[in-house]
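Structure assessment
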Amino acid sequence: MSAAPTPSAPGGGTRFLGRELSPLTQRRLRNFRANKRGYWSLWIFLTLFIVALFAEFVANDKPFIVSYQGEIYFPAFAAYPETTFGGDFETEADFRDPHVKQLIERDGWMIWPIVRYNHRTVAWDLPEPAPAPPGGEHWLGTDDQARDVVARLIYGFRISVLFGFVLTVISAAIGVSAGAMQGFFGGWLDLLFQRFIEIWGGMPILYLLIIMASIVEPNFWWLLGLLLLFSWMGFVGVVRAEFLRARNFDYVRAARALGVSNLVIMFRHVLPNALVATITFMPFTLAGSVTLLTSLDFLGIGLPPGSASLGEVLAQGKANLQAPWLGLTAFFTIAVMLSLLIFIGEAVRDALDPRKLIAGAPPPEPGAAGDREGDRTPTPAQTSGAAQTSGAAGAPGAGGGGRS
């Protein structure tokens, strides 16, 4: 006898990755899917991010696979000297060199990515001075240093999203911990922490970045660490308010009476309630982090020169008004990315809102897990049934009731 298949969670099933989903979680997933704009925005964003995550397989100046004299080589993963393919030099082979290409194609073959440039490759064979307009070889043209714009967009999209994601996750972890401590214990700890946040939040971040950029050359991790010093404060207020509200609930008092430690109460019993507001806030924080990195790169105090960056492409569009494809490409890329994140954030907010029922979604059964007073909205059938019952009760002869 074969076991019954486990239904998928997004389609209304009860298990996900081997774990049982509560009725409340299933209802939230249904509500998220009911928001078509946010649901499809999530899939589009994930598709773009996965493509950008494997940028070396999409845009690269080295082929995936090279077959030469019966041997298989993988230049995308290892460096090979030119002498390996019958050349004269011991240096790394330049597979875009016509001489090297001729040597390989004479006794083998190559498989190239879709875009035969990476974000640093300089196109020396342009038919006109850079920046070159869009064409068959360069779909979105080149920048003022003869680098392919499509390749720089792919790599820039990846580094922007990764930077924003890492900054958002670490900021959320620090902010949630700080807000939980303040809201749960209160008193002098809350008072002193609030005064510290007010002072620390008044620091001029932009001036600090300008000063530090004049001392050392900023890089990915350097910028991440500096921005982490200030970005965590955005989560403190939301979590602190949830803990201040929940610390006097009956289940918290019962846990204290049973001798449960404060850390267990905070992070096992109270924190899940506070995470709803935090998760709702995270997509918007991610969009803000991406915008922040783009702004710093546009001002020239972000990633090192030569790095793939959306802000750097936007700055090149400003400096080269005779090449409108640079500014327009960067603008539309940033606009689409931020719009997708905002749509996802709105869908998450609606899915986690306990007071909102998406049209067409079945109402929760009375007494079901996660059922709240704000969720118990009577359906039209229930309202009609109540009206008929009331009318029957008020009719003459029905239970001794009479008309008033």
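Residues numbered from 1 in each chain as written. Predicted model: local features only at pLDDT ≥ 70, side-chain atom pairs only at ≥ 80, totals over all residues. Heavy atoms only, no water.

Details of the pattern of salt bridges
Close approach of charged atoms allows side chains with opposite charge to pair. In the structure shown here, the tally under the stated rule is 11 salt bridges. Across the pair R147 and D143 runs a salt bridge whose closest N-O atoms are separated by 2.9 Å. Where R147 meets E312, a salt bridge forms, and the shortest distance between an N and an O atom there is 3.4 Å. Here R147, found in the loop between β5 (108-111) and α4 (149-185), pairs with E312, found in helix α11 (residues 310-319); they are 165 residues apart in sequence, far enough to count as distant. Several salt bridges share partner residues, and in doing so they unite D143, R147, R152 and E312 into one network. (Salt bridge = Lys/Arg side-chain N within 4 Å of Asp/Glu carboxyl O. Helix = DSSP H or I, 4+ residues; strand = E, 2+ residues; numbered from the N terminus.)

Remarks on the packing of aromatic side chains
For the coordinates displayed, the defined rule picks out 21 aromatic pairs. Between the aromatic rings of Y39 and W43, the centroid separation amounts to 6.4 Å while the plane-to-plane angle is 80°, which identifies the pairing as edge-to-face. Pair noted here: Y39 and W43 are both in helix α2 (residues 36-53), with a separation of 4 residues, about one helical turn. Overall, Y39 belongs to the buried group, its relative accessible area being 14%. For W43, a relative accessible area of 44% corresponds to the partly exposed category. For the ring pair F85 and F95, a centre distance of 5.6 Å and an interplane angle of 70° mean the geometry is edge-to-face. Here F85 is found in the loop between β4 (71-73) and α3 (98-107), whereas its partner F95 is found in the loop between β4 and α3, with 10 residues between them in sequence. Members of the aromatic cluster, each reached through a chain of ring pairs, are Y68, Y73, Y80, F85 and F95. (Phe/Tyr/Trp six-rings, centres within 6.5 Å; stacked < 30°, edge-to-face > 60°. Buried < 20%, exposed > 50% of the residue type's maximum accessible area, 1.4 Å probe, protein only.)

Side note on the sheet that holds β4
Here we have 3 strands laid out as an open sheet, ordered β4-β3-β5, and antiparallel in their pairing. At either end of the open sheet lies a strand with only one pairing partner, and these are β4 and β5. The average undirected angle you get between the axes of adjacent strands in this sheet is 15°. In the packing of α3 onto the sheet, contacts are made with β3 (65-68) and β5, and the angle to β5 comes to roughly 115°. (Pairing = 2+ DSSP bridges. Axes fitted to C-alpha atoms, helices over the stretch in contact; angles between N-to-C directions. Contact = heavy atoms within 4.5 Å.)

Remarks on the packing of α4 against helix α12 (residues 324-352)
Two measures define how a pair of helices packs: the angle their axes make with one another and the distance between the axes. Viewed as axis vectors pointing N to C, α4 and α12 meet at an angle of 35°, and their least axial separation amounts to 12 Å. Considering how the two elements wind past one another, α4 and α12 form a crossing that is right-handed. Together, V149, L153, F157 and V161 of α4 and L326, T329, T333 and M337 of α12 make up the contact between the two elements. The residue makeup of the contact of α4 with α12, split by class, is 6 nonpolar, 2 polar and no charged. (Left-handed = near helix turned anticlockwise from the far one by under 90°. Nonpolar A, V, L, I, M, F, W, Y, C, P; charged D, E, K, R; others polar.)

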